[in-house]
Amino acid sequence: MELDLTPKVAKEIYGGDGGAYYAWSPSELPMLREGNIGAGKLSLVTNGFALPRYSDSAKVAYVLQGSGVAGIILPEKEEKVLAIKKGDAIALPFGVVTWWYNEDDSDLVVLFLGDTSKAHKSGSFTDFFLTGTNGIFTGFSTEFVGRAWDLDESVVKTLVGSQKGNGIVKLDPSLKMPEPKKDHYNGMALNCEEAPLDVDIKNGGKVVVLNTKNLPLVGEVGLGADLVRLDGKAMCSPGFSCDSALQVTYIVRGSGRVQVVGVDGKRVLETTIKAGDLFIVPRFFVVSKIANDEGMDWFSIITTPNPIFTHLAGRTSVWKALSPEVLQAAFNVPPQVEEKFTSKRKAEEIFFPPPN
């Protein structure tokens, strides 16, 4: 059976006046199920409020657009209230309760990528809502709720029945939400657009890697991540994850071309990718991208908290490490061809500016 790696866009799952939640389906993107990966996207309008919920999967959240407020409660810890904005990455381990609120004039859009190996459905997130028409209170009888929280029946009915929304609601602007605290942000999130660059190549591209060093909480999530910004017409070196990790890529901005090569040197994907597309590179498959004129940004998760990549072109290429005699024998070429091959790309690392 051939793998279908075709990039897909998310489809709306539910929504209302306050916004909508979108997800990628394993039936349309089979590699989600194959790799035990879930992917979703939350979009909130002004005063949109995503009701408190927890998930069956550990995730990394990435703010694609806008700014707002996130409430995060780690198991048996106090609530952390974070001011979030475009470029913020947030690690969300198992058992975390979250809520999201947009107090800005423009939409707040948050991407979620995570591990579904322990989820109810492989390749999909399942959220459990604390309130709303599908909240956990609605499933318990009035007696159980009253006993658990020591409440009269009338109070229980008001508590359970007042929220008519489902998942996402729009709040009255007069309702005051908790104020974010600066110290709550530290250790919980990292802005990938402002963090120190791990790679910076003139006219090539830039990379910020999210790992246990700059955001220790990703160790609990079990995922690594990176934000790559490829300049116009630049190329990202062919490379692969050498620690058996899957690479899940969401195109944040711009467009370009991608090729993926798999077993027996077979090209398994060759297509144009654009903002909003999601695709998955299988373990050990080699991927390379070339940006169009406007450049291309993407956010990826890798299914290990400290990923290791091998690049097949550039200064750090594995070809540079192989002895000339081995290269000549492997390619079955004379020394002068081998010398031309290895003498190129001595300065560039993983991004290659467009040819002059």
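Residues numbered from 1 in each chain as written. Predicted model: local features only at pLDDT ≥ 70, side-chain atom pairs only at ≥ 80, totals over all residues. Heavy atoms only, no water.

1. Brief notes about the pattern of salt bridges
In total, this model carries 13 salt bridges according to the counting rule given. Put simply, E194 and K85 hold a salt bridge, and the shortest N to O gap is 2.7 Å. One end of the pair, E194, is in the loop between β13 (189-191) and β14 (199-201); the other, K85, is in strand β7 (residues 79-85), with 109 residues separating them in the sequence. Since its relative accessible area comes to 55%, E194 is described here as exposed. On the basis of relative accessible area, K85 is assigned to the partly exposed category, the value being 37%. Across the salt bridge formed by K274 and D277, the nearest N and O atoms sit 3.5 Å from each other. For K274, a relative accessible area of 45% translates into the label partly exposed. Connected via shared salt-bridge partners are R53, K59 and D127. (Salt bridge = Lys/Arg side-chain N within 4 Å of Asp/Glu carboxyl O. Helix = DSSP H or I, 4+ residues; strand = E, 2+ residues; numbered from the N terminus. Buried < 20%, exposed > 50% of the residue type's maximum accessible area, 1.4 Å probe, protein only.)

2. Concerning the nonpolar core
In summary, soluble globular proteins display a tendency toward joint burial of nonpolar side chains. Counting residues in each nonpolar core, the largest one holds 82 residues, and the members touching the most others are W24, W100, F112, L278, F299, I301 and F351. Of all hydrophobic cores here, the second largest spans 9 residues; its members include L51, V81, W99 and M177. (Core = buried A, V, L, I, M, F, W, Y, C linked by side-chain atoms within 4.5 Å.)

3. Digging into the side chain of N47
Within the secondary structure layout, N47 lies in the loop between β3 (37-44) and β4 (48-55). Residue N47 is classed as buried on the basis of its relative accessible area of 13%. Residues within four places of N47 in sequence aside, it is in contact with Y101, N102, V169, K170, L171 and P173. (Contact = heavy atoms within 4.5 Å.)

4. Topic: the packing of helix α8 (residues 324-331) against helix α9 (residues 335-343)
Between α8 and α9, the least distance of the axes is 9 Å, while the angle of their chain directions is 110 degrees. Between α8 and α9, the interaxial angle falls into the category roughly perpendicular. The way α8 lies across α9 gives a crossing that is right-handed. Contacts between α8 and α9 pair P324, L327, Q328 and F331 from the former with P335, E338, F341 and T342 from the latter. Its residues placed into classes, the contact of α8 with α9 shows 5 nonpolar, 2 polar and 1 charged. (Axes fitted to C-alpha atoms, helices over the stretch in contact; angles between N-to-C directions. Parallel < 35°, antiparallel > 145°, perpendicular 65-115°, else oblique. Left-handed = near helix turned anticlockwise from the far one by under 90°. Nonpolar A, V, L, I, M, F, W, Y, C, P; charged D, E, K, R; others polar.)

5. Description of the side chain of S237
When you line up the elements, S237 lands in strand β17 (residues 235-241). Relative accessible area serves as the criterion here: at 1%, S237 is assigned to the buried category. Sequence-distant contacts of S237, that is, excluding residues within four places in its chain, are made with V287, S288, H311, L312, A313, I350 and F352.

6. Observations concerning the UniProt feature "domain: Cupin type-1" (unreviewed entry) in the chain
According to UniProt, the feature "domain: Cupin type-1" (unreviewed entry) maps to residues 3-157 and 195-339 in the numbering used here. Regarding residues 3-157, the helix share stands at 14% and the strand share at 45%, and the terminal C-alpha atoms are separated by 51 Å. (UniProt positions renumbered as here; feature names shortened; annotations may be inferred.)

7. Section: the packing of aromatic side chains
Summed over all chains, the structure comprises 11 aromatic pairs. Seen from their ring centres, Y14 and F129 are 6.1 Å apart, and the 80 degrees between their planes marks the pair as edge-to-face. Of this pair, Y14 sits in strand β1 (residues 11-16) while F129 sits in strand β11 (residues 127-129); the two residues are 115 residues apart in sequence, bridging distant segments of the chain. Judged on exposure class, the residue Y14 and its partner F129 are both buried. Both rings, one in F49 and one in Y101, keep their centres 6.5 Å apart while their planes meet at 75 degrees; by these two values the pair is edge-to-face. (Phe/Tyr/Trp six-rings, centres within 6.5 Å; stacked < 30°, edge-to-face > 60°.)

8. Some details on the sheet that holds strand β2 (residues 19-23)
Neighbouring strands of a sheet are bound in pairs by backbone hydrogen bonds; such pairs are parallel or else antiparallel. Spatially, 7 strands are ordered β1-β2-β3-β10-β5-β8-β13 in an open sheet, and the strand pairing comes out antiparallel. In this open sheet, the two edge strands, each paired with only one partner strand, are β1 and β13. When strand polarity is set aside, the average angle formed by the axes of neighbouring strands in this sheet is 20 degrees. Sheet topology places strand β8 (residues 88-92) next to β13; 3 bridges connect them, and they run antiparallel. In the strand pairing of β13, D88 is matched with N191. (Pairing = 2+ DSSP bridges.)

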